[in-house]
Amino acid sequence: MMHKLRLLAVIALATGWAFGAAAQGTLRIGINEDPDALDPATNRLASGRQPLTAICDKLFDVSTDLDLVPQLAESYVVAPDGMSVTLKLRPGVTFHDGEPMNAEAVRFTLERNVTRTGSLRRSELTALDHAEVVDPLTLRLVLKEPQSSLLLINLAERAGMIVSPKASEALGDRFGTAPVCAGPYRFVERVPQGRIVVERYANYWDRAMQGPDRIEYMPITDSTVRISALRSGELQIAERLTPTDLPQLDADPNVNVVSAPDLGYHVIRLNTNNGPHGALLGRDVRIRQAINLAIDRNAMVHALFEDKYTAGNQFVNPSNPNYDTSHPVPERDVAASRRLLRAAGVPNLTFTLLVPPERERQEAAQFIQAMLSEAGITMNLETQENATMLQNGRRGQFEALFTFWSGRPHPDGNVFTHYSCTGPQNDSKYCNAALDEILVKARQTDDAAERQRLYRSANAILAEELPSLILWHRRTFTGVSTRVRGFVPHPDSTIRVRGITLQ
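All values derive from a computational prediction rather than experimental measurement. (Residues numbered from 1 in each chain as written. Predicted model: local features only at pLDDT ≥ 70, side-chain atom pairs only at ≥ 80, totals over all residues. Heavy atoms only, no water.)

Colleague: Is there a simple way to think about the state of the cysteines in this case?
Modeller: Among covalent bonds in proteins, the disulfide is the one between the sulfur atoms of two cysteines. For the structure on display, the rule yields two disulfides. Each sulfur in the disulfide pair Cys56 and Cys181 lies 2.1 Å from the other. With the S-S bond torsion at 55°, the cross-link from Cys56 to Cys181 turns out right-handed. Of this pair, Cys56 sits in the loop between helix 2 (49-55) and strand 2 (60-62) while Cys181 is found in the loop between helix 5 (165-171) and strand 8 (185-191), placing the two residues 125 residues apart along the sequence. The exposure classification of Cys56 matches that of Cys181, with both residues buried. Shown here is the disulfide that connects Cys421 with Cys431, its sulfur atoms set 2.0 Å apart. The sign of the 90° torsion about the S-S bond sets the Cys421-Cys431 disulfide as right-handed. Residue Cys421 is located in the loop between helix 14 (412-419) and helix 15 (433-444), and its partner Cys431 is located in the loop between helix 14 and helix 15; the two are separated by 10 residues in the primary sequence. (Disulfide = S-S within 2.5 Å. Helix = DSSP H or I, 4+ residues; strand = E, 2+ residues; numbered from the N terminus. Buried < 20%, exposed > 50% of the residue type's maximum accessible area, 1.4 Å probe, protein only.)

Quick look at the structure:
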């Protein structure tokens, strides 16, 4: 036990936060990594969704069944021709700076999401032509195309988090350092690599909401350390536990583990067309196919994750109706991999994979490295902090990188931003006009059967071209102290603090 305490002490000194008895009414949540900017328009890391969800209410949220539920918008009406959506906003809502949350603030935020430099929400709002203020609590969203269902579900994510226009204009590009929104908690401080602190907003619109007085989000990359802190009582919630973490918690009477199916996927993105680093893996599809055939996804899921995750190879999991059943998870074929490499003129392929320090991806990368070596492929591993790795991805300074996507309720959110030619998170810079045409058509239809056909066609193209290697779909496992009441896991892996109480 002493070595765990020493490890915790080292982490505390290194990150600037001290363990000790949590103050009454303080909830400490261990998150997987230090988030990037806390700006809903530019935030990319899934860990950033945790504090942002407490700070920034959205127009809508989704239930555990992925149904749309009201938040800042009380209701909506879709026009008969499907070309506009009218939102009725909740009255009496203020931002943390005291400014009113009204139709003009929503219009400002949506325009900001489309025009702000570096916005990752732009592709989520492509259906929106403009927003019209009808009255202080009524906003009409005028669409370019009848894509109301897709737009509404995107407004239940970061694209629908409404920011204070006054604070946004005052802070400019620094808004993410001190976000001002209309959620139940207001931003207090951030210590890099240490903690993000929020406190209850006294004038929050839902006066009856239960919740702790203060929340501290503690970035702790090593899940073993997160578990030790949870078991000792220094944390009350620890996110993203791995299956191998679970046995040590089974017998702990002070901790419960809750889980939910995950909407996303873990993926190795391959640089196919992003600067000089894309020259190798992008020059011949047979190289990417060879790498793919050298990997045994089922063996990896069994060995590393005790079959609690699902092997996958597409942007939806194999049980999803949009899954392309004609391209199932491939069987490993080392001989075929070697033949493809010889045909492509690189029998001794060498490339570098960027990997964050998170244990789950580190172990998987080493497992894949060993499998590839049997096909004559040398995959060097370079560890980078997740935010740094993703910055290098956007700049094209990578050959391959190991990331994950937290997933969206609508399949479009799992594919368009990553694989369309102008997708803001298409780090590979992969571009296929036929795929783009299919993805746009899928956005335009509300016919489930037609959308299924289109997504299966998109999957077929991606299974052939392989701009990335999707590896598995996980379950989210969250460790929760028995002191915590009211925690409900969600398929989008985001922790909702609304309704949580501490005993």
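Colleague: Could you clarify how one ought to interpret the sheet that holds strand 1 (residues 26-31) in this entry?
Modeller: Across a sheet, strands are paired by hydrogen bonds formed along the backbone, either parallel or antiparallel in direction. Taken in spatial order, the seven strands line up as 8-9-10-1-11-19-12 in an open sheet, and their pairing is mixed. Edge positions in the sheet fall to strand 8 and strand 12 (255-261), since each has one partner strand and no second. Averaged over all neighbouring strand pairs, the angle between strand axes comes to 20°, with direction disregarded. Relative to strand 10 (residues 214-219), strand 9 (residues 195-200) runs antiparallel, the two being bridged by four bridges. Bridge pairing in strand 10 places Glu199 opposite Arg214. (Pairing = 2+ DSSP bridges. Axes fitted to C-alpha atoms, helices over the stretch in contact; angles between N-to-C directions.)

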